[in-house]
Amino acid sequence: MSTDTPPPGDRIAKVLSRAGVASRREAERMIEDGRVSVNGKTITSPALNVTPADRVVVDGKQVGAPEAARLWLYHKPAGLVTTERDEKDRPTVFGSLPETMPRVMSVGRLDLNSEGLLLLTNDGEIKRKLELPSTGWLRRYRVRINGSVSEAKLDELRAGITVEGVNYQPMVVTFDRQQGANAWLTVSLREGKNREIRRAMGEIGVTVNRLIRVSYGPFQLGVLKQGDVEEVKQRVLRDQLGLEAAPAQKPVRRTVNRPTRGKKRSS
């Protein structure tokens, strides 16, 4: 039987993720690109444990101790991309946030034309926990389609559907009402693959012309206005995610203007 004990500390990618630098996967890419050094030596492999005594530097800036884990609700408007920098120079979610916000990461994404609830966190481990398929967080959407659709077609979505070789798990779909040339549906799913609802709807012959996420697990959009951001109370985080208590923070809830084209938020 081996008596070897693991090295002290945590894997470097986990430490960077916990500190809000990037997700674990993104941190591993940063390491492979030679952007990270430990105690003055550039590393190129994430197979390294570090402790608080180690000096970790990313892009020339020292990484401090992780702050308390925090989570925000953001009502994303249509027309913003969920990336920090966009190659087409389109306005981004991160460029629209209040200057008082710390560096945050999105939990999953909403595409350019989608709107509604987007979760933001300063903690890579929360991001990972909320995104893992095994956690099965239910995402609920209000979906407006052009035209109408039969219950038989909706049953195809309820049974699970395959689009261009991609298998989508069964969705919970409710026909809500017809409104002129459009119809409103409520769609709930647990997987959340890229453009899943739009592609699945296209497969049954209808086009989505508005998509609003109204909840992600226990977190609700509620009456939060477009462009507003609101911090989740620490008590709720403890109850839902089993986190330790953090120092009280003044809640952030502001309506902000979209950035002008080309403006980027400093990191």
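This write-up is about the structure you can find in this document. (Residues numbered from 1 in each chain as written. Predicted model: local features only at pLDDT ≥ 70, side-chain atom pairs only at ≥ 80, totals over all residues. Heavy atoms only, no water.)

### Things to note about unusual backbone geometry
The phi angle of most residues is negative, glycine excepted, and most peptide bonds adopt the trans form. A positive phi angle, close to 55°, is found at Asp-59, a residue other than glycine. Considering the arrangement of structural elements, one finds Asp-59 in the loop between strand E5 (56-58) and strand E6 (61-62). A residue is classified by how much of its surface remains accessible, and Asp-59, at 46% relative accessible area, is partly exposed. In this model, Arg-195 sits at a positive phi of 50°, which is unusual for a non-glycine residue. Structurally, Arg-195 is set in the loop between strand E14 (182-189) and helix H5 (196-203). Looking at Arg-195, the relative accessible area reads 37%, which means it is partly exposed. (Helix = DSSP H or I, 4+ residues; strand = E, 2+ residues; numbered from the N terminus. Buried < 20%, exposed > 50% of the residue type's maximum accessible area, 1.4 Å probe, protein only.)

### Regarding the sheet that holds strand E3 (residues 41-43)
On the basis of which strands lie adjacent, the open sheet formed by four strands has the order E3-E2-E5-E6 and antiparallel pairing. At either margin of the open sheet sits one strand with a lone partner, and together these are E3 and E6. When strand E2 (residues 36-38) meets E3, the two strands line up antiparallel, connected through three bridges. By the bridge assignment for E3, Ser-37 is matched with Thr-42. (Pairing = 2+ DSSP bridges.)

### Digging into helix H2 (residues 24-32)
Looking at H2, one finds that the buried residues are Ala-27, Met-30 and Ile-31. Within H2, the buried residues cover an arc of 100° as seen down the axis, which keeps them to one side. With respect to the buried face of H2, the exposed residues turned more than 90 degrees away are Arg-25 and Glu-32. On the buried face of H2, the contacting elements are helix H1 (12-18), E2, E3 and E5. At the exit of H2 stands Gly-34, carrying a positive phi of roughly 75°. (Arc of directions from axis to C-beta. Contact = heavy atoms within 4.5 Å.)

### Brief notes about the pairing of strand E13 (residues 172-179)
Here seven bridges tie E13 to E14, and the two strands are oriented antiparallel to one another. Directly across from Val-172, in E14, lies its bridge partner Ser-188. The turn joining E13 and E14, which pair antiparallel and follow one another in sequence, is formed by two residues; a positive phi near 65° is taken by Gly-180.

### Examining the pairing of strand E9 (residues 115-121)
Along E9, seven of the seven residues are buried, which leaves the element largely enclosed by surrounding structure. With six bridges joining them, strand E7 (residues 71-76) and E9 adopt antiparallel strand pairing. By the bridge assignment, Tyr-74 is partnered in E9 with Leu-118. Bridging between strand E8 (residues 105-107) and E9 involves three bridges; their strand directions are antiparallel. Across the sheet, residue Val-107 finds its bridge partner in E9, namely Leu-119. Of the strand pairs in this sheet, E9 and strand E15 (residues 207-216) are connected by two bridges, and their pairing is parallel. Within E15, the residue paired with Gly-116 across the bridge is Arg-213.

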